[in-house]
Amino acid sequence: MSGKFVVVEGLEGAGKSTAISIIRACIEKRGSQVVCTREPGGTPMAEAIRDCVKSEWPTEKVTSEAELLLMYAARSQLIENVIKPHLAEGVWVIGDRHDMSSRAYQGYGHQLGVERIEPIRQFTLNGFEPDLTLYLDVDQTVGIERARGRGKLDRIEQQDMSFFERARKGFLDMTQQDSRCRVVDAMQPMKKVHQDIESCINQFMEQ
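First, a word on what this report is: a plain description of the structure on this page. From a predicted model like this one, the values you see are computed outputs, not experimental measurements.

1. Describing the packing of helix H3 (residues 64-88) against helix H5 (residues 114-125)
Step number 1: Contact geometry for H3 and H5: axes closest at 10 Å, N-to-C directions at 20°. Judged by the inter-axis angle, H3 sits roughly parallel to H5. Here H3 and H5 pass one another in a crossing that is right-handed. Between H3 and H5, the contacting residues are Glu-65, Leu-68, Leu-69, Tyr-72, Arg-75, Ser-76 and Ile-79 on the first element and Arg-116, Ile-117, Ile-120, Arg-121, Thr-124 and Leu-125 on the second.
Step number 2: Residue composition of the contact of H3 with H5, grouped by class: seven nonpolar, two polar and four charged.

Right, here's the structure in full:
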């Protein structure tokens, strides 16, 4: 029996790390093995790309196109070397971000347009998609303040607020178009957010 690929999406400060811990506990309670990944990253090469993408480059501008292509290069490495092999062995994989983030951040946030991304997406993913995507919705101002409370913001987190406003719209647009997506209001009290996450994953596992 193959495993399932569950992805947690959201803006900075949405609470993805906590959500992943909750989802992992729910899955393991039912006796399945779990592996957690992150994007960009998850393999030695993909982690090197992550450092490259998130670092500041004082002497040159990082183009939106370069950022997009690096994201998909890292994603290709992760899917082929980690995600697919584990799924084939019956292990569940929980992803901290996946393809929806690229469409939201580069497509909407950087305004490259999802239609321009689509050929790259199809070439890289070849139809591979998550079995369930959990989107944690948070107001962009609140999310960035939460992220700032964790420490120094990286290059992507330092984008202006309009970037994150567009990215949030992108996330919400895409969740409405995909029946495998579930939206959790991450602005609720923490206990309620946790309950909603547990409810989503338990319902999915009972299908």
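2. Here's the deal with the packing of aromatic side chains
The description of two aromatic rings rests on the distance between their centres and on the angle between their planes.
Step number 1: Inspection of every chain in the model, using the stated rule, returns seven aromatic pairs.
Step number 2: Considering the side-chain rings of Tyr-105 and Phe-163, the 5.6 Å spacing of their centres and the 85° angle between planes classify their relative orientation as edge-to-face. Of this pair, Tyr-105 sits in helix H4 (residues 99-109) while Phe-163 is found in helix H7 (residues 161-177), placing the two residues 58 residues apart along the sequence.
Step number 3: When its relative accessible area of 5% is taken as the criterion, Tyr-105 is described as buried.
Step number 4: Classification of Phe-163 by relative accessible area gives buried; the value is 1%.
Step number 5: Between the aromatic rings of Tyr-105 and Phe-164, the centroid separation amounts to 6.2 Å while the plane-to-plane angle is 85°, which identifies the pairing as edge-to-face. With Tyr-105 in helix H4 and Phe-164 in helix H7, this pair connects stretches of sequence that are 59 residues apart. Neither Tyr-105 nor Phe-164 differs from the other in exposure class; each is buried.
Step number 6: Members of the aromatic cluster, connected to one another through ring pairs, are Tyr-105, Tyr-135, Phe-163, Phe-164 and Phe-171.
Step number 7: Sitting over the face of the ring of Tyr-72, Arg-75 holds its NZ or CZ atom 4.7 Å from the ring centroid.

3. Observations concerning the side chain of Arg-155
Step number 1: When you line up the elements, Arg-155 lands in the loop between helix H6 (140-149) and H7.
Step number 2: Within the local environment of Arg-155, its side chain forms a polar contact with the side chain of Glu-67, the two groups lying 2.7 Å apart.
Step number 3: Residues in contact with Arg-155, not counting those within four places in the same chain, are Val-53, Lys-54, Ser-55, Glu-56, Val-62 and Glu-67.

4. Structural notes on H6
Step number 1: Among all positions in H6, only Gln-140, Gly-143, Ile-144 and Ala-147 are buried. The buried residues of H6 occupy an angular sector of 95° when the element is viewed end-on, so they sit on one face.
Step number 2: Buried residues in H6 make contact with H7.
Step number 3: For H6, the N-terminal capping position is held by Asp-139, with its side-chain oxygen 2.9 Å away from the main-chain nitrogen of Thr-141.
Step number 4: At the C-terminal side of H6, Gly-151 shows a positive phi close to 140°.

The rules behind each value
- Once a new chain begins, its residue numbering starts again from 1 and follows that chain's sequence as written.
- Local features are withheld for residues below a pLDDT of 70 in this predicted model, meaning they are given only at 70 or higher, and side-chain atom pairs are given and counted only at 80 or more; totals for whole chains, interfaces and linings count all residues.
- The side-chain numbers reported here are obtained from all heavy atoms of the structure, hydrogens and water having been left aside.
- Note on geometry: axes are lines fitted to C-alpha atoms, helical ones only across the stretch in contact, with angles between N-to-C directions running from 0 to 180 degrees.
- Labels follow the DSSP assignment, with helices taken as runs of H or I lasting at least four residues and strands as runs of E lasting at least two, numbered in each case from the N terminus.
- Oblique is the label for any angle not under 35 degrees, not over 145, and not in the 65 to 115 range, which are roughly parallel, roughly antiparallel and roughly perpendicular in turn.
- Two helices that cross are described as forming a left-handed crossing if the nearer one is turned anticlockwise from the farther one by less than a right angle, and a right-handed crossing if clockwise.
- It only takes one pair of heavy atoms within 4.5 Å for two residues to be counted as in contact.
- In this count, Pro and Cys sit with the nonpolar residues alongside Ala, Val, Leu, Ile, Met, Phe, Trp and Tyr, while Asp, Glu, Lys and Arg are called charged and the others, Gly among them, polar.
- Only Phe, Tyr and Trp rings are paired, with Trp represented by its six-membered ring, and only when their centres lie within 6.5 Å; those with planes under 30 degrees apart are stacked, over 60 edge-to-face, the remainder tilted.
- Summary of the burial criterion: residues with accessible area below 20% of their type's maximum are buried, those above 50% are exposed, and those between are partly exposed, where the area comes from a 1.4 Å probe applied to protein chains only.
- Charge-over-ring placement is defined geometrically: NZ (Lys) or CZ (Arg) within 6 Å of the ring centre, and within 35 degrees of the ring normal.
- Polar contact criterion, stated in full: a pair of N or O atoms within 3.5 Å, where within protein one must be able to donate a hydrogen and the other to accept it, and residues adjacent in sequence count only if both atoms are side-chain atoms.
- An arc is given here, and it is the one of the directions from the helix axis to the C-beta atoms.

On their own, these measurements won't tell you what the molecule is for.
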